[in-house]
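Read off the chains here:
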Amino acid sequence: HLTRVNYTTLSPSCGVVNRQWEEAEMLVLLQVMFTDLDFLTAFHIKLEVLQNFLFEVYCHYNSIPFHNFRHCFCVTQMMYGLIWLTDLRSKLSRIDLLIMLTSALCHDLDHPGYNNVYQINAQTDLALRYNDISPLENHHCAVAFGILSKPECNILKNLTCEQYKHIRGGMIRCILATDMARHNEILNKFRIMQPVFDFTNKDHKEVLMKIMVKVSDISNEARPMTVAEPWLDCLLQEFFNQSDTEKLKGLPVTPFMDRDKVSKPSSQTNFIRFVLLPLFTELTKLFPCLEQHILEPVRRALEYYSDMERANKQEQGTTKA
Ligand SMILES: COc1ccc(NC(=O)[C@H](C)Nc2nc3c(cnn3-c3ccccc3C)c(=O)[nH]2)cc1
Ligand SMILES: [Zn+2]
């Protein structure tokens, strides 16, 4: 299944060059993911309504360096790939798969490019509206259900009340779970469940669905380095925009966002070592087949950034000397 996010085209020299998917192509591929998982037949979704929904989602992502529609596509495509690779179709209900894919699609809707720490410190409208409690993630979820409240976009309109309540509860839990401030809370719960995981246990399934959305959300480094590395540059661009604004407004500046302090390789080696590897390792214990698909690429990425870190240190060493 679609495990590539780039599109290989024949260049005039007949060499093979990679180019990014166009936005229209990403919309078509998202439609294919929903149809491939039989969501249209299972939930009586008209293709036109799905297309309206996907287009509205596209329109509600902002043109910012990282948290844009391409990030939404990558996270949804990773979720789609993980569903097939782990054979989740045989372990979870189709409605739970719909919750996970739709949560991935909507998880960063209308992201402003400034994180929760900024929202709270700058006392923005979002922080005010959501009382400093995961303001961004609450907003992403509210925008998703704002889109679903339009009849022409409502892919949930033909569900029973029971099914709708289940999906709404699941999407709220999964989207709110993407707040990285809750990373350890959620991973620790999963660590306890993993050795005795029970696919018929509601609590176990809920934590697994959160973990799947979290893994998809921060999984850039599991992709080929030619795809992964540009994402880190985009992320740092967004983080530096924020820290520049914080400095201008006299707000506290987050160290790993400060362009004068952060070194790309060392921030990424820390992120891979302390955030990605523990999370991916735990999921791979439940689905061993993921070792080659997400764990090995991330180990290679750690090597790549560690080498870059060493090279930078030597370079600094010589210039200092
Ligand atoms: C526990 O909360 C955290 C932990 C780590 C980070 N971010 C980092 O350490 C640095 C900037 N690296 C990083 N951060 C990443 C990546 C993917 N998503 N992502 C990200 C983006 C926005 C907000 C939070 C995260 C983790 C990635 O590949 N690298 C941000 C928040
Ligand atoms: Zn995200």
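Residues numbered from 1 in each chain as written. Chains lettered and ligands numbered in written order. Predicted model: local features only at pLDDT ≥ 70, side-chain atom pairs only at ≥ 80, totals over all residues. Heavy atoms only, no water.

Naming follows an unreviewed UniProt entry, where the protein appears as High affinity cGMP-specific 3',5'-cyclic phosphodiesterase 9A of Dicentrarchus labrax. Under the UniProt heading Pathway (unreviewed entry), the note attached to the protein is "Purine metabolism; 3',5'-cyclic GMP degradation; GMP from 3',5'-cyclic GMP: step 1/1." In the Catalytic activity (unreviewed entry) part of its UniProt record, the protein is described as follows: "3',5'-cyclic GMP + H2O = GMP + H(+)". (UniProt positions renumbered as here; feature names shortened; annotations may be inferred.)

(A) Representation of the coordination of the zinc ion (ligand 2) within the structure. At the metal site, the zinc ion (ligand 2) is ligated by His-71 (NE2), His-107 (NE2), Asp-108 (OD) and Asp-217 (OD), and these contacts range over 2.0 to 2.2 Å. For the zinc ion (ligand 2), the four donor atoms are set out with angles of 84 to 169 degrees between them, so the coordination reads as irregular. Each donor residue of the zinc ion (ligand 2) belongs to the same chain, and together they define the spacing H-x35-H-D-x108-D. Remark: Asp-108 occurs in the loop between helix H5 (94–106) and helix H6 (116–121) and His-71 occurs in helix H4 (residues 69–85); sequence separation between them is 37 residues. (Donors = N, O, S within 2.8 Å, 3.2 Å for Na, K, Ca; no water. Tetrahedral: all angles 85-135°; square planar, octahedral: opposite > 155°, others 65-115°. Helix = DSSP H or I, 4+ residues; strand = E, 2+ residues; numbered from the N terminus.)

(B) Highlighting the confidence of the model for the protein. In the predicted model, the protein carries a mean pLDDT of 95, and the fraction of residues at 70 or more is 95%. Across the predicted assembly, pTM comes out at 0.94 and ipTM at 0.93. (pLDDT = per-residue confidence, 0-100.)

(C) Main features of the UniProt feature "binding site: Zn(2+) 1" (unreviewed entry) in the protein. As recorded in UniProt, the feature "binding site: Zn(2+) 1" (unreviewed entry) lies at His-71, His-107, Asp-108 and Asp-217. For the residues just named, distributed over 147 residues, the greatest C-alpha separation is only 10.1 Å, placing them together at one site. Topologically, His-107 is positioned in the loop between H5 and H6. Setting aside its immediate chain neighbours within four residues, His-107 contacts Tyr-61, His-71, Val-75, His-140, Ile-175, Thr-178 and Asp-217. The class for Asp-108 is buried, based on a relative accessible area of 5%. For Asp-108, the contacting residues outside a window of four places in its chain are Tyr-61, His-67, His-71, His-140 and Asp-217. Among the polar contacts listed, one links the side chain of Asp-108 to the side chain of His-107, at a separation of 2.8 Å. (Contact = heavy atoms within 4.5 Å. Buried < 20%, exposed > 50% of the residue type's maximum accessible area, 1.4 Å probe, protein only. Polar contact = N/O pair within 3.5 Å; in protein donor to acceptor, adjacent residues only side chain to side chain.)

(D) The arrangement of helix H3 (residues 47–59) in detail. If you check H3, its first and last C-alpha atoms are 18 Å apart, about what 13 residues at 1.5 Å a residue would give, namely 18 Å. If you check which residues of H3 are buried, you get Val-49, Leu-50, Phe-53, Leu-54, Glu-56 and Val-57. Viewed end-on, H3 has its buried residues packed into an arc of 160 degrees, placing them on one side of the element. If you follow the buried residues of H3, they end up packed against helix H1 (23–36), helix H2 (39–42), H4, H5 and helix H8 (135–148). (Expected span 1.5 Å × (residues − 1). Arc of directions from axis to C-beta.)

(E) Focus on the site of ligand 1. Close to ligand 1 lie His-67, Met-180, Ile-218, Leu-235, Phe-239, Phe-256, Gln-268 and Phe-271. At a separation of 2.8 Å, a nitrogen atom of ligand 1 approaches a polar side-chain atom of Gln-268. Within the complex, the protein chains bury 79% of what would otherwise be the 590 Å² of accessible surface of ligand 1. Residue assignment for the shell around ligand 1 shows that the elements contributing at least two residues are helix H12 (225–249) and helix H13 (264–286). Its residues placed into classes, the shell around ligand 1 shows six nonpolar, two polar and no charged. (Near = heavy atom within 4 Å. Areas by Shrake-Rupley, 256 points an atom, 1.4 Å probe, with all protein chains shown as cover. Nonpolar A, V, L, I, M, F, W, Y, C, P; charged D, E, K, R; others polar.)

(F) Seen up close, the side chain of Asp-96. Locating Asp-96 in the fold gives a position in helix H5. No salt bridge is formed by the buried Asp-96. Its closest oppositely charged neighbour is Lys-205, at 4.6 Å. Not counting the four nearest positions on each side in its chain, Asp-96 is found in contact with His-166, Lys-205 and Met-209. (Lys, Arg positive; Asp, Glu negative; His and termini not counted. Salt bridge = Lys/Arg side-chain N within 4 Å of Asp/Glu carboxyl O.)

(G) How the structure looks around the environment of Asp-307. The residue Asp-307 is located in helix H14 (residues 290–320) in this model. Through-space distance from the C-alpha of Asp-307 to that of Leu-286 is 31 Å; in sequence the pair is 21 residues apart.

(H) Expanded view of the packing of aromatic side chains. Using the criterion set out here, one finds 13 aromatic pairs in the structure. Ring geometry for Phe-39 versus Phe-43: centroids 6.1 Å apart, planes at 45 degrees, classification tilted. Judged by its relative accessible area of 4%, Phe-43 is buried. Its guanidinium or amino end placed over the ring of Phe-145, Arg-168 lies 4.5 Å from that ring's centre, counting from NZ or CZ. (Phe/Tyr/Trp six-rings, centres within 6.5 Å; stacked < 30°, edge-to-face > 60°. Lys NZ or Arg CZ within 6 Å of the ring centre and 35° of its normal.)

(I) Local environment of the pattern of salt bridges. Taken as a whole, this structure holds 20 salt bridges when the rule is applied. Here Asp-233 and Lys-264 are joined by a salt bridge, their closest N and O atoms 2.7 Å apart. Within this pair, whereas Asp-233 is found in helix H12, its partner Lys-264 is found in helix H13, the two being separated by 31 residues in sequence. One continuous salt-bridge network, built from bridges that share partners, spans Lys-247, Asp-258, Asp-260 and Lys-261.

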